[in-house]
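Descriptive structure summary
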Amino acid sequence: MQVKGLVLKYIVGVDIGATNLRIALATNKGELIHKTTIPTPRKGDELTIAETIRDLINKMIHDKGIEIEELKGIGIGSIGPLDIRKGKVINAPNIPIHSFELLRPLKDWFKIPIYVVNDCVAAVWGELIFGAGRSYQNIVYVTLSTGIGAGAIVNGNLLLGKDGNAHEVGHIVIDYESKLRCRCGGYGHWEAYASGANIPKFINYLLSKWSLTTQEKNSELYKAYEERKVTTELLFSLGKRKDPLALRIIDELGRINACGIASVINVYDPELLTLGGSISLNNPNLVLNPILKYIDMYVINRKPLIKLTPLGHDVVLLGAIALVVSTPHTLVNIQA
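Counting starts from 1 at the beginning of each chain's written sequence and moves along it residue by residue. Thresholds applied to this predicted model are a pLDDT of at least 70 for local features of residues and 80 or more for the giving and counting of side-chain atom pairs; totals over whole chains, interfaces and linings are not thresholded and use all residues. Hydrogens and water are ignored here; the side-chain numbers use all heavy atoms of the structure.

This brings us to the sheet that holds strand β11 (residues 157-158). Pairing between two strands is assigned when DSSP locates at least 2 bridges connecting them. Think of it this way: any DSSP run of H or I at least four residues long counts as a helix, any run of E at least two long counts as a strand, and we number them from the N terminus. With mixed pairing, five strands are arranged side by side in an open sheet as β11-β10-β9-β12-β13. The sheet is open, and its two edges are formed by β11 and β13 (305-308), each paired on a single side. Of the pairings in the sheet, the one linking strand β10 (residues 148-154) to β11 comprises two bridges and is antiparallel in character. Within β11, the position partnered with I153 by the bridge is L158.

Here it is in structure tokens:
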């Protein structure tokens, strides 16, 4: 309840990723005042993450001299999948605490409007309100990070689905004969090939199948493969140094990403598609250029503008804040 004399002028945005938990305080116009980042809790029960968010918010507003009654609301973009009506995460494949509560405990503690959506859904809404999508009505945001996901706005409507999972594009099957298993348990998913968590497995798979030149066998990446020390970071680091084996694998990843993104374009028919996530943002040319090289082979709809999000690593935070600044009508009746 608002205290007389206080104005609802602050918003809290929360980004729950598989690796990091980020919280930001913003004005009701979306201007960031303060940000905090910690590792996402790996141990605990279904209330651990909500309790961590509560404690971080309380510390942040205390340090800034802000009363809870001055908060307009809290927006949360989280890894999924979700039960959107309950505002909780169900069986998330990329985090050890697979299922956890968010909406109910946070509403009980703060007693202000709180909205919980998938992180990529928050991101695409942020793109519409604050980013590259302000002049568009059909937008898709795709993240290439620990996992792969998307959010979509079609004719100005934020798509949610019956459970809030109308965007789990990382589980598009790109090869039904694949032996590569996704963390969700399925086979042949886009995420099983091109997510940060699974790229090392894909590299190992390719190098066990490919015929390599002498130059490629002299690559630092091949030595790491022999020693079972392949990482996603090493692949892109060597790619930036023009390592031929790394560039060959990055090109193959680009073809796979083009297949996945073409499927997204064919389904949602966007005017604009933006890319985010740590893999895209930390390696822009190595990710975007191969996608643009191959995308025409797979897309049937008129190709949209494809670019990196201008909101950078803050895209989910700003999207979470945008949920409170301008709440999408598709969400109002679900979590008001």
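Before going further, it helps to examine the packing of helix α8 (residues 232-240) against helix α9 (residues 244-268). At a minimum axis distance of 8 Å, the contact between α8 and α9 shows a crossing angle of 115°. When the interaxial angle is binned, α8 and α9 end up roughly perpendicular. Relative to α9, the crossing made by α8 is left-handed. Contacts between α8 and α9 involve L235, F236, L238 and G239 on the former and, on the latter, A246, L247, I249, I250 and L253. Split by residue class, the contact of α8 with α9 holds eight nonpolar, one polar and no charged. Throughout, an axis means a line fitted to C-alpha atoms (over the contacting stretch in the case of helices), and angles, computed between N-to-C directions, take values from 0 to 180 degrees. Working rule for angles: under 35 degrees goes down as roughly parallel, over 145 as roughly antiparallel, 65 to 115 as roughly perpendicular, anything else as oblique. Each crossing gets its handedness from the near helix: less than a right angle anticlockwise from the far helix is left-handed, clockwise is right-handed. For this analysis, residues touch if any pair of their heavy atoms sits within 4.5 Å. Just so you know the grouping, Ala, Val, Leu, Ile, Met, Phe, Trp, Tyr, Cys and Pro go in nonpolar, Asp, Glu, Lys and Arg go in charged, and all remaining residues, Gly too, go in polar.

To continue, consider the pairing of β10. By the criterion of burial, β10 is predominantly enclosed, with six of the seven residues buried. Pairing geometry for strand β9 (residues 139-144) and β10, over six bridges, is antiparallel. Across the sheet, residue V142 finds its bridge partner in β10, namely A150. Taking the residues between adjacent antiparallel strands as the criterion, β9 and β10 are bridged by three residues. Linking β10 back to β11 in an antiparallel pair, the connection comprises two residues, with N155 at a positive phi of about 50°. Each residue's exposure class comes from its accessible area (1.4 Å probe, protein chains only) as a fraction of the maximum for that residue type: buried when under 20%, exposed when over 50%, partly exposed otherwise.

We now examine the packing of aromatic side chains. Working definition: rings of Phe, Tyr and Trp (its six-membered ring) pair if their centres are within 6.5 Å, and the pair is stacked with planes under 30 degrees apart, edge-to-face with planes over 60 apart, and tilted otherwise. Throughout the structure, instances matching the rule amount to two aromatic pairs. Ring geometry for Y193 and F202: centres 5.1 Å apart, planes at 65°, overall edge-to-face. F202 shares its class with Y193; the two are buried. For the pair Y222 and Y225, a centre-to-centre distance of 5.5 Å together with 45° between the ring planes defines the contact as tilted. Of this pair, Y222 and Y225 are both found in helix α7 (residues 220-226), three residues apart, which corresponds to roughly one turn of the helix. The criterion for a charge sitting over a ring is simple: Lys NZ or Arg CZ within 6 Å of the ring centre, and within 35 degrees of the ring normal. One cation-aromatic arrangement involves R54 over W109; the distance from NZ or CZ to the ring centre is 4.4 Å. Taking the ring centre of W210 as reference, the NZ or CZ of R248 above it sits at 3.9 Å.

So far we have only geometry, and geometry alone does not tell us how the molecule works.
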